[in-house]
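In case you want the letters, here they are:
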Amino acid sequence: MDTELRELYQQVILDHNKSPRNFRVIEHPSHSSEGYNPLCGDTIHLYLTIEDGIVKDISFQGSGCAISKASASLMSSMIKGKTIEEAKKIFEKFQEMITGKLDENSDIESLGKLAVLSGVKEFPARVKCASLAWHTLINAINEKKEAVTTE
Amino acid sequence: METNLKTNTNEKVFDIEKIRNDFPILKQLVHNKPLCYLDNAATTQKPQIVIDTINNFYSTINSNIHRGVHSLSEKSTQAYENARAKIKDFINAKSDKEIIFTSGTTASINLVAQTFGRKYVSDGDEIIVTRMEHHSNIVPWQLLCDEKNAKLKVLQINNKGELLLDDLKDLISEKTKLITVVHVSNTLGTINPVKEIIKIAHQNNVPVLLDAAQSIQHIEIDVQELDCDFLAFSGHKIYGPTGIGILYGKENLLDKMPPFMGGGDMISKVTFEGTTFNELPFKFEAGTSNIAGAIGLGAAIDYVHSIGIKNIKEHETNLLNAATGAVKEIPGIKIIGNAKEKTSVLSFVIDNIHPHDIGTFLDFEGVAIRTGHHCTQPLMDFFKVPATSRASFAFYNTFNEVEQLTIALKKTIEVLS
Ligand SMILES: Cc1ncc(COP(=O)(O)O)c(C=O)c1O
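Here the structure is a predicted model, which is why all the values come from computation and not from measurement.

Quick notes on the rules
Residues numbered from 1 in each chain as written. Chains lettered and ligands numbered in written order. Predicted model: local features only at pLDDT ≥ 70, side-chain atom pairs only at ≥ 80, totals over all residues. Heavy atoms only, no water. Domains from an automatic or database assignment. Contact = heavy atoms within 4.5 Å. Buried area = accessible area lost by both parts, 1.4 Å probe. Salt bridge = Lys/Arg side-chain N within 4 Å of Asp/Glu carboxyl O. Polar contact = N/O pair within 3.5 Å; in protein donor to acceptor, adjacent residues only side chain to side chain. Helix = DSSP H or I, 4+ residues; strand = E, 2+ residues; numbered from the N terminus. Nonpolar A, V, L, I, M, F, W, Y, C, P; charged D, E, K, R; others polar.

Undergrad: Explain the domain arrangement of chain B to me, please; I cannot follow it from the model alone.
TA: A common way to express how large an interface is: the accessible area buried when the components associate. Residue and element names in this part refer to chain B. Under the domain assignment used here, chain B contains domain 1 (2-45 + 308-416) and domain 2 (51-305). One C-alpha centre belongs to domain 1, the other to domain 2; they are set 28 Å apart. Across the boundary between the two partners, domain 1 contributes 42 residues, which contact 35 residues of domain 2. Here domain 1 meets domain 2 over a buried area of about 3,100 Å², counting both sides, of which 57% is carbon and sulfur. At the junction of domain 1 and domain 2, the tally comes to one salt bridge. Salt-bridge contacts for K310 lead to E220; the nearest nitrogen and oxygen are separated by 3.5 Å. Here domain 1 and domain 2 share 23 residue pairs in polar contact (both at pLDDT 80 or more) between them. Listing elements by their share of the side of domain 1 that touches domain 2, those giving two or more residues are α11 (309-328), β14 (345-350) and α13 (377-383). When residues in the side of domain 1 that touches domain 2 are grouped by element, the largest group, seven residues, is from α13.

The following block contains the structure:
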């Protein structure tokens, strides 16, 4: 496989695509939101239980490409237990990483496993796939009613 | 396989090596693999003669048309009007007046919606479309229906992706003002029985618009024989440039329709008391047209004509059959669109692999296909898929490329499933 392609589809991504974490419905979420990527028809429904500013539980449902599904799965693992403020900070850094704006000295380590998605920066058409779950998360946190679209 | 390339069509006319040499873009590597361009339903590549014609226009006779008395303007006007005549002959229209240059299929359909539609559709009237329309043959009618409080009715399809023609008679009522149908589905490749549709429509005094964006490059079209009232297509899908397209309309209909856009060239006389409009087709060509585009389209039509639509169709059908056969053999692949009459479009889904991932993997094998909803979301809903992968073949494609596609698909499935 081509190295650039392997960078994009790392084993961790293929694994999360095949067996996504937190892929379920939360019956009575405190927050939820829908995201939609009209370009590829990706949809995500995100459920959150937020108590005292902390994400106690998070789950998602939907359909999408390997990148968007793995991104949602990784996000859910990463965010659980974090405060809203922390989640927003991680999102900002993640966004910088996938759009190639992260400066070299910046510690990519703080993004943990999310770093496997850094290959996306070489594929501008796929940035939306990787960021859909995150935009949906921010919408859910901000309690925006309308669905996110990445267009 | 290579020996099959010169298919059983007339070998002299259909020399695939020679044809491929006419298309400079095809000779490149993508990710170090020979480009295998199978996104022809989105847009086709341009033969050198089209590129040269546009280049020559700008290098030698560029000037504005119709209003100049100088030599260059006369030459460019003549070239522009020659292109119109070529298109008239190509679809066998009665008169040049019936050939209107637009920017493409979308613009042509919107023109009809905003002129014919606005004039003849009113409160409670109905327009019939089909389940397999491109968004560009849905949304302009929805906008019109919203404005006029009219109703959009939909002719449904079966699981193979064929229209339920028998339902048409029941859909038509005395309120029906227009039936607007895609001739060939860009997503499924289905060739619709437009002749029958037109016959039924005319028995009920309803005019018919054909979206020929996906048929003009594959099927011989004779508008008089079909007896369609309007026909729309895009230059870029028939080996011509982008930004140019055609609306054909029967003269008596076009005559009665109000102008679309107002401006220069479409008028006869302008005063602040009132304006009289130019004759057909200029009434519908406001402003400076895409002159180079029109002339380029004329060159493309000449080129297609020199190969022959019949030869094109035959080779493309052979490619489709080869590809369909090969893809069917791959476990986990399901073909979407199994109509009896098809052009060379192969849409498919693969168990548990999203089309976008397929598209990216194929790109690394040099294979360019389209993935997504192909601007036909109601059709995606019918087949209950969010998106498909679509390989669409042109006459410059080869059996080797069918193999390149098949091998790339197998590799993709190996990694992703
Ligand atoms: C069936 C059909 N109709 C209409 C269109 C719109 O054509 P254009 O974008 O050139 O206006 C397309 C192009 O994708 C098409 O395939």
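From this point, the discussion proceeds with the structure in view.
Undergrad: Help me out: how do you make sense of the interface of chain A and chain B in this one?
TA: Contacts between the two partners involve 22 residues from chain A and, on the opposite side, 14 residues from chain B. For the pair chain A and chain B, the summed buried area comes to about 1,400 Å², and 61% of that belongs to carbon and sulfur atoms. Inspection of the region where chain A meets chain B yields one salt bridge. Residue A:R126 is joined to B:D357 by a salt bridge in which the shortest nitrogen-to-oxygen separation is 2.9 Å. Taken together, the connections running from chain A to chain B amount to eight residue pairs in polar contact (both at pLDDT 80 or more). Of all the secondary structure elements, the ones that give two or more residues to the side of chain A that touches chain B are α1 (3-8), α2 (11-18) and α3 (66-79) of chain A. No other element matches the three residues that α1(A) contributes to the side of chain A that touches chain B. Here the residues of the side of chain A that touches chain B sort into 14 nonpolar, three polar and five charged.

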